[in-house]
Amino acid sequence: MSAPISFARASRWYGPVIALNDVTIDIPPGVTGLLGPNGAGKSTFLKLTAGQLRPSQGEVRLLGQPAWGSPELFHRVGLCPEADAFWEQLSGLQLLVTLLRLTGYDEAECRQRAENALHQVDLLDAKNRKLGGYSKGMRQRIKLAQSIAHDPDVLLLDEPVSGMDPVNRRRVIDLVRRLGREGKTVLVSSHILHEIEAMTRQVLLIHNGRILAEGDVREIRDLLDEHPHTVALRARDPRALAAAVVGWPSVLSLSFGEEGEWLTVQTARPDEFYGALHDAALESGVVEMYSPDEDLESVFRYLVAR
Amino acid sequence: MRDTTQPLPFVPATRAVFDLSLEGMIWSRRSLLMGLLVALPAVLAVVYRVVLASGTPARGLAPLDLYALVVAVFWIRNVLPLAALFHATSLVADEVEGRTLTYLLTRPITRPAILAGKFAAYLVTSLAVALPAAVLTFFLLASARGWSGVGAAVPDLFRDLGVMALSLVAYGALFTLMGVLLKRPVIPGLLFLFGWELLANLPGYLPRLTLTTWLRSLIRHRPAEEGLSQLFAQVQPVGWSLTVLFVASAVFLAAAAFIFTQREYVLEQ
């Protein structure tokens, strides 16, 4: 039986720029992380998989069919795009019901599935609010909800936890893991190793349009242990957060951002840091967290050099 | 039971896209602006009636001639094609610019169904403004000197409404094609409307290559004053005009659907 997602010598270029270069890979069911810095080719990889782009060369197959030009595949495929864009005049519930109608469900089932998906991403209370009034984290979650509402077999998630607060990040990570355990094929992209690591052990490392490595995340994790990792946190009380984390053994240095809302932490032991962060984040009101991309870029340079 | 081996059937898919598009289109700034422009003759007709009621003697065109001028020159020749240009060229462009096209392209629906749903929404939005404005203008002007001759002119009103609708269909189809074919279709569209379409006023065979010629042939009452163009204006048989307009619209829409199906859309992140 063929893999749900299959690339055979697939390349894609935009004019003279090669975004993906001669990729051959089979992605099995379960959660697979697509890890690489910005500009590595992750979004192109996902768009080719989702049939949004045509390979310039080679072939991309999804559920055994060519990914490009097969709209029927989207009965069984869900995409959570990276772009933060919606029909802002709709409410969360209206968005999901509309997209479910476009997937072929009747009115009653649309509503029931929409509410179920909203419940899974903890947006049921905000279902009647206009999307224009959603916070960044809520917008991320509604994007995820629309991708899972029709219970697809294959789920393509482009940076799904970007901009989420730690509590909802945890919730989404748990959801992705559960979907993987249920036998779905979940391909999730991120430029943050720790994020991917929390979801799966199976990773694809992508850099400059090439798959650098595939396999167990622990194997590359061992290579990175000494490499400093940067985490930027936006909190309602960044000074309280700084006071809470400054004494942790995992923290190498701290600095405040120009506008005073951001705290940047350098850590040598990201696992330990993220593990300890949860309670401190709740107390100091962390509303957003990300790992600057330059950090992963340097990690990749480090890996490639080895 | 859903058949997951096939895209959704064309009609329900088109209907779902239509419902989604209609709400966004009706309340858009573009629709409000075009609506004001399309409804302008109705406002002017009210002013005309107020002036008449104040006892000022009316000079110039008779009210029904004025109405005919508005239909032929203002609506069919200028404003409705302009409304079609601004709406239809943006059917896909708005989704690209708003980066919402991805949601439509990742549903089990064909791209022609997406285009058809959006085209239908454009048509309903435009007709919802244009037809009531025409009816209102007609009755305000036709009854300006009493209701005696109004009944006899009503068949012409229905005919005008049909031609206005056909004008929105034909120009809309052409500009939908330009919208999916060109990255910046507005300037070429304006050149087409106010350059190419002037060929309709020349003698010979060239006018048949314009949409205006065929649309103008369908209007029964001709405006009394169309300037020099009156000298050369050709009138084609009604049946032939209808055929040409329907076939041209179908060809434009089919070509637009084909191009939309083949095109990739790389949306900015």
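Owing to the predicted nature of the structure, the values given are computational and were not obtained by experimental measurement.

Cut-offs applied
Residues numbered from 1 in each chain as written. Chains lettered and ligands numbered in written order. Predicted model: local features only at pLDDT ≥ 70, side-chain atom pairs only at ≥ 80, totals over all residues. Pairing = 2+ DSSP bridges. Helix = DSSP H or I, 4+ residues; strand = E, 2+ residues; numbered from the N terminus. Axes fitted to C-alpha atoms, helices over the stretch in contact; angles between N-to-C directions. pLDDT = per-residue confidence, 0-100. Contact = placed C-beta atoms within 7 Å. Domains from an automatic or database assignment. Buried ≥ 20, exposed ≤ 12 C-beta atoms within 10 Å, placed from the backbone. Expected span 1.5 Å × (residues − 1). Arc of directions from axis to C-beta.

**Digging into the sheet that holds strand β4 (residues 57–62) of chain A**
All names here are of chain A.
- Taken in spatial order, the four strands of this open sheet run β2-β1-β4-β5, and their pairing is antiparallel. Of all strands in the sheet, those bounded by a partner on one side alone are β2 (17–27) and β5 (65–66).
- Strand direction decides the pairing type here: β4 and β5, joined by two bridges, are antiparallel. By the bridge assignment, Arg61 is partnered in β5 with Pro66.

**Notes on the sheet that holds strand β10 (residues 210–216) of chain A**
All names here are of chain A.
- Read from one edge of the open sheet, six strands run β6-β7-β8-β3-β9-β10, paired in mixed fashion. This sheet does not close on itself; its edge strands, each paired only once, are β6 (77–80) and β10. Averaged over all pairs of adjacent strands, the angle between their axes in this sheet comes to 15°, without regard to strand direction.
- Relative to strand β9 (residues 202–207), strand β3 (residues 30–35) runs parallel, the two sharing three bridges. Bridged to Gly33 within β9 is Val203.

**As for the confidence of the model for chain B**
Residue and element names in this part refer to chain B.
- Residues at a pLDDT of 70 or more form 93% of chain B, whose mean pLDDT is 90.
- Helix α12 (residues 238–262) holds the highest mean pLDDT among the elements of chain B, 97, whereas helix α11 (residues 229–232) holds the lowest, 57.
- Among the scores for the predicted complex, ipTM is 0.85 and pTM is 0.85.

**Side note on the interface of chain B and chain A**
- Listed by partner, the interface residues are 25 residues for chain B and 24 residues for chain A.
- The set of elements that each furnish at least two residues to the side of chain B that touches chain A consists of α1 (10–26) and α6 (101–105) of chain B.
- In terms of residues, the side of chain B that touches chain A owes the most to one element, α1(B), which gives five residues.

**A few points about the domain arrangement of chain A**
- Segmenting chain A into domains produces domain 1 (5–222) and domain 2 (225–305).
- Between domain 1 of chain A and domain 2 of chain A, the C-alpha centre-to-centre distance is 26 Å.

**Topic: the environment of Gln65(A)**
All names here are of chain A.
- Here Gln65 shows up in strand β5.
- Look at Gln65 and you get partly exposed, because 13 C-beta atoms sit within 10 Å.
- Between the C-alpha atoms of Gln65 and Glu197, which are 132 residues apart in sequence, the distance is 30 Å.
- Setting aside anything within four residues of it in sequence, one finds Gln65 in contact with Ser70 and Leu73.

**Some words on unusual backbone geometry**
Residues and elements named next belong to chain A.
- Positive phi is not limited to glycine here, since Leu63 has a value of about 50°.
- When you line up the elements, Leu63 lands in the loop between β4 and β5.
- Note on Leu63: 20 C-beta atoms within 10 Å, which makes it buried.
- Although it is not a glycine, Glu159 adopts a positive phi angle of roughly 50°.
- Tracing the backbone shows Glu159 in the loop between β7 (154–158) and α5 (166–181).

**Quick word on helix α3 (residues 107–120) of chain A**
All names here are of chain A.
- For α3, which comprises 14 residues, the first-to-last C-alpha distance of 20 Å matches the rise-based estimate of 20 Å (1.5 Å per residue) to within 8%.
- Listing the buried residues of α3 in full gives Cys110, Arg113, Ala114, Ala117 and Leu118. Down the axis of α3, the smallest arc covering the buried residues is 135°, so these residues share one side. Residues of α3 that are exposed and point more than 90 degrees away from the buried face comprise Ala108 and Gln112.
- In the segment just after α3, Asp122 is the residue with positive phi, at about 60°.

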